[in-house]
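In case you want the letters, here they are:
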Amino acid sequence: MKEEFLAYAWAYRLYDGQKLCTTDGEIIQIIDPGRLNRNSGPDFENAKIKIGDAIWAGQVEIHVNASDWYAHGHETDAAYQNVILHVVFKADAKIYIGAQEIPTLELAQFLKLGLYDQFESWLKSKTWIPCQNQIQSVDSLIWTSWKDRLMAERLEVKSEPVLALLSQLNGDWKMVFYHLLTENFGFKVNKTAMSIFASQIPWKTVLRKHEDPLLIEALFFGQAGWLETENIDEYHSQLSEAYTWIKKKHDLSPLPKSIWQTGKSRPGNFPCIRIAQLSALLGHHRDLQKNLSKPCSLEKATDLLTVKAGAYWEEHYDFGKKGKKNHAILGASSLQNLLINTLPTYWYAHASYHGNEAQIADIIEFLSRCKAEENQITRHWSVLGCSADNALDSQSMIHLYNEYCSHKRCLHCQIGLHLMKQR
């Protein structure tokens, strides 16, 4: 038996509540099991319980064995002096606060049959998700409400590093936007490299109205370390010459080219292609952050983020290296990635920071209009009969698998709770 499971059973009343009594035979009525305490101290706070004829309000402590109270040193801890009920699996000892015995509920005899066996089977499961053989029985209403909560949780988690970045950038939301956009242009393979690269760009220089788009490309490739070699061709020479002037004027230092991952990158996702696309986007849209500072229509966001790199990149994917396809245009899947992962994250961080609940609803609406992602995780869900109709669904399913299923956090999942209650 695990204490985590006992706390779960207590919180969600997975026991026969009509027959509860203390080890001394007093009838127990659970008015409110309390709120789980995630800090130090007793496991549940603000519980309200009727024991015999008296109604008590206070804390509840959970243990597998009653004697764990002494094993954990609670008898000398002032934080445990207001415990009104000790909930245990096995009452192997009487527990006292001073001379007063604490009422004890031995929960083992009241738990619904098979619950712990179900929990253990999930922990031992070798299937893709622990409840794989049961999930098709879950009602669509349960799924819908849980996916909404998962999406809110995912946005909250993804916004945390954005708010940390805001602090680093002295509260400049404009710079946060461009840093986040640049980082996400690295997609999965070069996201870290792009984040480092973004921190080395003098953004005020990039965003000046009079700045030549060619100079932006020279600045980007120069800072990324791609112009530190001998000239490869005429275009490379032209950029190198421009960067030499920019570097001297702004006292810049280029990054080492070695930070970029190229071995596992397809030509269309090669760092040079992404840097060229990003520079073209910023060179074309000087007010991009202003136009995308708050939730907008999917059509407007798509139009603003659709980009094509310069003519050189229609044939090349690296300096001096030609590819079989034209990769200058940002592909549909890459555009979808930016629409789903960049804009909503920025919008949510901005809205939550300013307490703008209306914008959060607009973000959810935006995601519901975006096409669902197709990747290994969503394909697995689809095989199990859990299809994604839009990005709101696919993002929720990705979060559910990554944060719950893969870690077997079944006791924290609403699907798991639903299946438990069905036993």
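Report follows, based on the coordinates.

As a further point, take helix α1 (residues 3-11). Within α1, burial applies to F5, L6, A7, Y8, A9 and W10. Residue R13 follows α1 closely and has a positive phi angle near 55°.

Put simply, the largest pocket is a space of about 1500 Å³. For the lining of the largest pocket, the secondary-structure elements that each account for two or more residues are α4 (140-168), α5 (173-184), α10 (271-284), α13 (332-353), α15 (376-383) and α16 (391-403). Residues that form the lining of the largest pocket fall into these classes: ten nonpolar, 19 polar and twelve charged. Approximately 450 Å³ is the volume found for the second largest pocket. Of all the elements in the fold, those that place two or more residues in the lining of the second largest pocket are α1 and α4. At five residues, α1 tops the list of elements feeding residues into the lining of the second largest pocket. Partitioned by chemical class, the residues of the lining of the second largest pocket number nine nonpolar, three polar and seven charged.

Here we take up empty space enclosed by the protein. Applying the stated criterion to the full structure yields one cavity of 30 Å³ or more. Around the largest cavity, the lining comprises 14 residues; the ones closest to its centre are C131, C405, C410, C413 and G416. The dominant element in the lining of the largest cavity, judged by the number of residues it contributes, is helix α17 (residues 414-421), at three residues. Residues belonging to the lining of the largest cavity are distributed by class as follows: twelve nonpolar, one polar and one charged.

Quick look at the pattern of salt bridges now. For the structure shown, the criterion picks out ten salt bridges. For K94, the salt bridge is made with E101, and the minimal N-O distance between the two is 3.4 Å. Residue K94 is classed as partly exposed on the basis of its relative accessible area, which comes to 46%. Under the relative-accessibility criterion, E101 is labelled partly exposed at 23%. The shortest N-O distance in the salt bridge between K308 and E314 comes to 3.1 Å. Overlapping salt bridges bring together D24, K94 and E101 as one network.

What follows is about the packing of aromatic side chains. As enumerated under the stated definition, the model contains 31 aromatic pairs in all. Look at W128 and Y401: their rings are 4.4 Å apart centre to centre, the planes differ by 5°, and that puts the pair in the stacked class. Residue W128 is located in the loop between α3 (115-124) and α4, and its partner Y401 is located in helix α16; the two are separated by 273 residues in the primary sequence. Residue classification places Y401 among the buried positions, given a relative accessible area of 18%. Seen in terms of ring centroids, F177 and Y346 are 5.2 Å apart; in terms of plane orientation they differ by 80°. Their pairing is edge-to-face. With F177 in helix α5 and Y346 in helix α13, this pair connects stretches of sequence that are 169 residues apart. Residue F177 shares its accessibility class with Y346, and that shared class is buried. One aromatic cluster is present, formed by W173, F177, Y178, F197, W203, F220, W260, Y346 and Y353 through successive ring pairs.

What follows covers the environment of Y116. Following the sequence through the fold, Y116 ends up in helix α3. Placed 110 residues apart in sequence, Y116 and L6 show a C-alpha to C-alpha distance of 9.2 Å. Once residues lying within four places of it in the same chain are set aside, the contact partners of Y116 are M1, K2 and F5.

Below, the discussion takes up α3. Looking only at α3, the buried set comprises L115, Y116, Q118, F119 and W122. Here the buried residues of α3 occupy an arc of 160° about the axis, which is enough to place them on one side. Of the exposed residues in α3, those oriented more than 90 degrees away from the buried face are D117 and K124.

About the thresholds
- For every chain, the first residue of the written sequence is number 1, and numbering continues from 1 along that sequence.
- Given that the model is predicted, a residue must reach a pLDDT of at least 70 before its local features are reported, and side-chain atom pairs must reach 80 or more before they are shown or counted; all residues, however, enter totals for whole chains, interfaces and linings.
- No hydrogens and no water enter the side-chain calculation; it runs on all heavy atoms of the structure.
- Burial here depends on accessible area, computed with a 1.4 Å probe over protein chains only, as a share of the maximum for the residue type. Under 20% is buried, over 50% is exposed, and the range in between is partly exposed.
- Helix and strand assignments come from DSSP, with helices taken as H or I runs of at least 4 residues and strands as E runs of at least 2, each series counted from the N terminus.
- The method works on a 1 Å grid over the protein atoms by themselves. A cavity is a set of points holding a 1.4 Å probe that cannot get out, a pocket is an open set with protein on both sides within 12 Å along at least five of seven lines, and residues with an atom within 4 Å of a point line them.
- Grid points are joined across faces, edges and corners, and a volume is the space filled by probe spheres set on the points.
- Lys, Arg, Asp and Glu make up the charged group, whereas Ala, Val, Leu, Ile, Met, Phe, Trp, Tyr, Cys and Pro make up the nonpolar group; the residues left over, Gly among them, are polar.
- Every case where a carboxyl oxygen of Asp or Glu lies within 4 Å of a side-chain nitrogen of Lys or Arg is listed as a salt bridge.
- Each Phe, Tyr or Trp ring (for Trp, its six-membered ring) is paired with any other whose centre lies within 6.5 Å, and the angle between the two planes then decides the class: stacked below 30 degrees, edge-to-face above 60, tilted in between.
- Two residues form a contact once any of their heavy atoms are found within 4.5 Å.
- Within this analysis, the arc is defined by the directions that extend from the helix axis to the C-beta atoms.

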